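A closer look at the structure
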Amino acid sequence: MATLDIGGAAAQQAPCVLFMGDFNVGKSSLINALLRREALFASREESRALPTFVTRTDRAEAHFAAYLPEKGRVDEKGQDEFFDIRQDRNNEAGYILMGARLPAIPFSNLVLIDTAGASSDACETIDVSHLATPDKAMLVVVTDIEYWAARHTLDFVKSHLPVFGDSLVMVANKADHLNASEIRRISEKAPNRLRAYGIEAVPRFFALSARLEFARRTPRNEYRHRTRREVRELCDASFDAFRVALYEFEAAHAPIDGAPTFRQLFDSPVITSFLKTQGTAVA
Ligand SMILES: Nc1nc2c(ncn2[C@@H]2O[C@H](COP(=O)(O)OP(=O)(O)OP(=O)(O)O)[C@@H](O)[C@H]2O)c(=O)[nH]1
Ligand SMILES: [Mg+2]
């Protein structure tokens, strides 16, 4: 296909943002809130979803695909099929990765990668510290604010900071479950808690709510309406700062020439090496 040749080298360098964390903490919801649409499946149940990337397309309509490694195949999918596979625990077809290219998303250059949630026992299997071209990747460690400082999370941050540096940020999601003084206290104490754990170069820490953010542009949204103003304002401000962190990461990388094709994305070094590190998740 002729389109596969367009912008090849540039596309390989597309900067990626990886969303990692335990299951059910709101990784998919966070991406949906950033994109201001329901691009990904989010649910209370453990999704065991395949890793999925979302990026921009220059075309008017959305495109979806699933990747089969052994056959080197990229299957184009319809939106319904995309959601079905995302929810299919058995994944009989043996796909290892999903992709969505969406028109008019707020990031022109970033590839957002949603990962399967780790349950706390399986956490140690997930490690992206050996990612190829980590300078092209931002790592968002997503936690539930009520147990953001779990030992396995702190260990994960500690082992990945030397690789990702400033491009590792922490999100303490579901801050809407707490009151304003609790949110402030956690945010203020987080750096000391991290230092006490031996994490010297403390990463940026955002206490926010994907749920409130998603509803933000819906006038008179009932959930926002029910949430105390102070909580809403804290969460909104923190989400804005988090969004800016992504824009800054995007701006630090040269814009690529034209939106990459599915094939280029699947073959890019970051995604290829990410799949290798996810050995168990792709089985
Ligand atoms: N109250 C509240 N609920 C949230 C928030 N973000 C996500 N949720 C809910 O938490 C549940 C899990 O959200 P997901 O986005 O599916 O979480 P995930 O980390 O992608 O989960 P897995 O893919 O299973 O690992 C869903 O029921 C969401 O509606 C939030 O900011 N506040
Ligand atoms: Mg998810």
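**A word on the sheet that holds strand 6 (residues 111-114)**
Read across the open sheet, the 9 strands follow the order 4-3-5-2-6-1-7-8-9; overall the sheet is mixed. Two strands bound the open sheet, and with one partner strand each, they are strand 4 (73-77) and strand 9 (204-207). Going across the sheet, the axis of each strand differs from the next one's by a mean of 25 degrees, ignoring polarity. Taken together, the 3 bridges between strand 2 (residues 52-57) and strand 6 define a ladder with antiparallel strand orientation. If you follow Val54 over to strand 6, its bridge partner there is Leu112. Across the sheet, helix 8 (residues 229-251) lies against strand 1 (16-21), strand 7 (137-144), strand 8 (168-173) and strand 9, angled at about 140 degrees from strand 9, the strand it touches most.

**Overview of the site of ligand 1**
Lining the immediate surroundings of ligand 1 are 21 residues, of which Gly26, Ser28, Ser29, Gly117 and Arg211 lie closest. Broken down by secondary-structure element, the contributors of at least two residues to the shell around ligand 1 are helix 2 (27-35) and helix 6 (210-214). The element that contributes the greatest number of residues to the shell around ligand 1 is helix 2, accounting for 3 residues. Of the residues contributing to the shell around ligand 1, the split by class is 5 nonpolar, 10 polar and 6 charged.

The rules behind these values
Residues numbered from 1 in each chain as written. Chains lettered and ligands numbered in written order. Predicted model: local features only at pLDDT ≥ 70, side-chain atom pairs only at ≥ 80, totals over all residues. Pairing = 2+ DSSP bridges. Helix = DSSP H or I, 4+ residues; strand = E, 2+ residues; numbered from the N terminus. Axes fitted to C-alpha atoms, helices over the stretch in contact; angles between N-to-C directions. Contact = placed C-beta atoms within 7 Å. Near = placed C-beta within 6 Å. Nonpolar A, V, L, I, M, F, W, Y, C, P; charged D, E, K, R; others polar.

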